[in-house]
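Residues per chain are reported as follows:
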Amino acid sequence: MINEYFHKSLWVFHFNSGSCNGCDIEILAALMPRHDLERFGIRLVGTPRHADVLLVTGPVTRKMADKLKRIYEQVPDPKVVIVIGSCGITGGVFYESYNLFGPVDNIIPVDVYVPGCPPRPEAIIHGVVKAWVKLEKLRRGEEVAA
Amino acid sequence: MTLIKTGQGFWDPVVWLVSVALSALIVYWIWSKGRKDYKEGTEQDKPFLCGHPEPEKGKVHVRASNIYWGFTEALKGYYDPLIKSHTGVLSDYVGWLIGILALVSFIILVV
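Remember, it's a predicted structure, so these values are computed and weren't measured experimentally.

## Notes on the overall build of chain A
Tallying secondary structure elements over chain A gives five helices and five strands in all. For chain A, the succession of helices and strands along the chain, N to C, is α-β-α-β-β-α-β-α-β-α. Residue burial in chain A is summarised as follows: out of 146 residues, 41% are buried. Contacts in chain A between residues at least 24 apart in sequence constitute 79% of all its contacts with a sequence separation of at least 6.

So, in structure tokens, the structure goes:
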């Protein structure tokens, strides 16, 4: 009964696939005292094996594509993928670059897109909440829209 | 009956066995609380190496020579000729034995 209402906190693995670091700084801003996502138990972890969510920034360079795929496969199921920033969604300013393998959904399935260059911490938190809702549904085995 | 007093403490195999069994039970309980939803035989079952593929075990194995490489490096002048003389041919070793025996005999008997 208690387990039903107290699921594990959301643990996030952050993967930088070639970002300019703008989005990464905004992710840190979401964790800092002003927004303080950690008060909900949401925290970054050092290995995908402990994660529920894969947070991807950057447009995915050629060198990073296989790493992204492998890390996605290493996250235990059920899992959710969030893409932070325009680069990971469309390629952004690197659109059609010879060195890109992305955007992210060319390589792995994406559940939540957070657009912006970079997106504000409020937008990132909104994306995380959306991902959390989807993850809870996946944990209960409910049908979720693709 | 099985208790041995050493002066510093005691040793009792029954106490030891009970302690080991208790520790094993605690370890098993902690292990059983771990996640069970990993899919065996997939990437979820492999070590995380920052996204890199797992190299062959032989390539990441730390060789025993890593422990004493400084020793062999410092005594290179002594080891290098020794390694060269180790041909692996039995007759060479027998030759060395006879030669050294002859030298020692000469030193003892003549000098």
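## So, the environment of isoleucine 25 of chain A
As for its placement among the helices and strands, isoleucine 25 of chain A is situated in helix α2 (residues 22-31). With 13 C-beta atoms counted inside 10 Å, the residue isoleucine 25 of chain A sits in the partly exposed group.

## Overview of the interface of chain B and chain A
Opposite the nine residues of chain B that make contact, chain A presents 10 residues. By residue class, the composition of the side of chain B that touches chain A is two nonpolar, four polar and three charged.

## Thoughts on unusual backbone geometry
Residues and elements named next belong to chain A. Proline 78 follows aspartate 77 through a cis peptide bond whose omega is -5°. Take proline 78: it is sitting in the loop between α3 (62-74) and β4 (80-84). A cis amide bond, omega -10°, links cysteine 117 with the succeeding residue proline 118. Relative to the assigned elements, proline 118 resides in the loop between β5 (112-114) and α5 (121-140). Positive phi outside glycine occurs at aspartate 36, with the angle close to 50°. Examined against the element boundaries, aspartate 36 turns out to sit in the loop between α2 and β2 (43-44). Of note, the phi angle at valine 60 is positive, near 65°, even though the residue is not glycine. Looking at the element boundaries, valine 60 is found in the loop between β3 (53-57) and α3.

## With respect to the nonpolar core
Residues and elements named next belong to chain A. Counting residues in hydrophobic clusters, the biggest one holds 38 residues, and the most contacted among them are Val53, Leu54, Leu55 and Ile82. Elements with a contribution of two residues or more to this core: β1 (11-16), α2, β3, α3, β4, β5 and α5. Each residue touching isoleucine 82, except ones within four places of it in the same chain, is listed here: Val53, Leu55, Asp111, Val112, Val114, Gly127, Val128 and Ala131.

## Things to note about the sheet that holds β2 of chain A
All names here are of chain A. What the five strands build is an open sheet, ordered β2-β1-β3-β4-β5; its pairing is parallel. Of all strands in the sheet, those bounded by a partner on one side alone are β2 and β5. Where β4 lies against β5, three bridges are found, and the strand directions are parallel. The residue of β5 that forms the bridge with isoleucine 82 is valine 112. In the packing of α3 onto the sheet, the strands contacted are β1, β3 and β4, and the crossing angle to β3 comes to about 165°.

## Things to note about the confidence of the model for chain B
Residues with a pLDDT of 70 or more make up 99% of chain B, whose mean pLDDT is 89. Prediction confidence for the complex, expressed as pTM and ipTM, is 0.69 and 0.75 respectively.

## Here we look at the packing of α2 of chain A against α5 of chain A
Residue and element names in this part refer to chain A. Interaxial distance between α2 and α5 falls to 9 Å at its minimum, and their mutual angle equals 75°. Taken together, the axes of α2 and α5 lie roughly perpendicular to each other. Packed against α2, whose contacting residues are Glu26, Ile27, Ala29 and Ala30, the element α5 presents Pro121, Ile124 and Ile125 at the interface. Counted by class, the contact of α2 with α5 contains six nonpolar, no polar and one charged residues.

Thresholds, definitions, all that
Residues numbered from 1 in each chain as written. Chains lettered and ligands numbered in written order. Predicted model: local features only at pLDDT ≥ 70, side-chain atom pairs only at ≥ 80, totals over all residues. Helix = DSSP H or I, 4+ residues; strand = E, 2+ residues; numbered from the N terminus. Buried ≥ 20, exposed ≤ 12 C-beta atoms within 10 Å, placed from the backbone. Contact = placed C-beta atoms within 7 Å. Nonpolar A, V, L, I, M, F, W, Y, C, P; charged D, E, K, R; others polar. Core = buried A, V, L, I, M, F, W, Y, C linked by C-beta atoms within 7 Å. Pairing = 2+ DSSP bridges. Axes fitted to C-alpha atoms, helices over the stretch in contact; angles between N-to-C directions. pLDDT = per-residue confidence, 0-100. Parallel < 35°, antiparallel > 145°, perpendicular 65-115°, else oblique.

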